[in-house]
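A look at the structure
For reference, the chains in residue letters:
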Amino acid sequence: MRGYIALTPKELATFLVDGESRFERAFITTQAFFESNSEVDEEEREFDLSCLAADESRALQGTQARVGLTIAVDLKSAQTGAEDGSQVLLLAPISWTQVEALLVAETLEPELTWYATQEIADVLPQWVK
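Residues numbered from 1 in each chain as written. Predicted model: local features only at pLDDT ≥ 70, side-chain atom pairs only at ≥ 80, totals over all residues. Heavy atoms only, no water.

**Comments concerning the packing of aromatic side chains**
In the structure shown here, the tally under the stated rule is three aromatic pairs. Each ring, one from Phe-15 and one from Trp-96, has its centre 5.0 Å from the other, and the planes form 75°; the classification is edge-to-face. Here the residue Phe-15 occupies a position in helix α1 (residues 9–18), and Trp-96 occupies one in the loop between β7 (94–95) and β8 (99–105), the gap between them amounting to 81 residues. The residues Phe-15 and Trp-96 share a single accessibility class, namely buried. Taking the centre distance of 6.0 Å and the plane angle of 70° together, the rings of Tyr-115 and Trp-127 count as edge-to-face. With Tyr-115 in strand β9 (residues 113–116) and Trp-127 in the segment after α4 (117–123), the pair connects residues that are 12 residues apart, well separated along the chain. Assessed through its relative accessible area of 7%, Trp-127 is described here as buried. Connected via pairs of aromatic rings, a cluster forms that spans Phe-15, Phe-23 and Trp-96. (Phe/Tyr/Trp six-rings, centres within 6.5 Å; stacked < 30°, edge-to-face > 60°. Helix = DSSP H or I, 4+ residues; strand = E, 2+ residues; numbered from the N terminus. Buried < 20%, exposed > 50% of the residue type's maximum accessible area, 1.4 Å probe, protein only.)

In structure tokens:
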């Protein structure tokens, strides 16, 4: 299942180096989220979840946030727990090999820039202070 995890630039840098990290929650298409967004297709639901994660990333960073960072990950069922709204509790660490892409909100508009995993190390320094 595809999940979207909000994180700070420093958390992303640590995750990239360590190759594994624990996160509390991921945004997924929960039953509740699907029911409240059933009129849109899967691609639009996933975009909305990515934007929610980007907004949470900004909140995690506080007033100094310059970007909202979201990683798209392929979650294993054994890693997920109870659903809560549009999120699921994560019960186990996430491996870097599960990361599919980095999505970056550079403005407050609902727009995300997509980066392949191979590009993350190159673009990350501009956000880590």
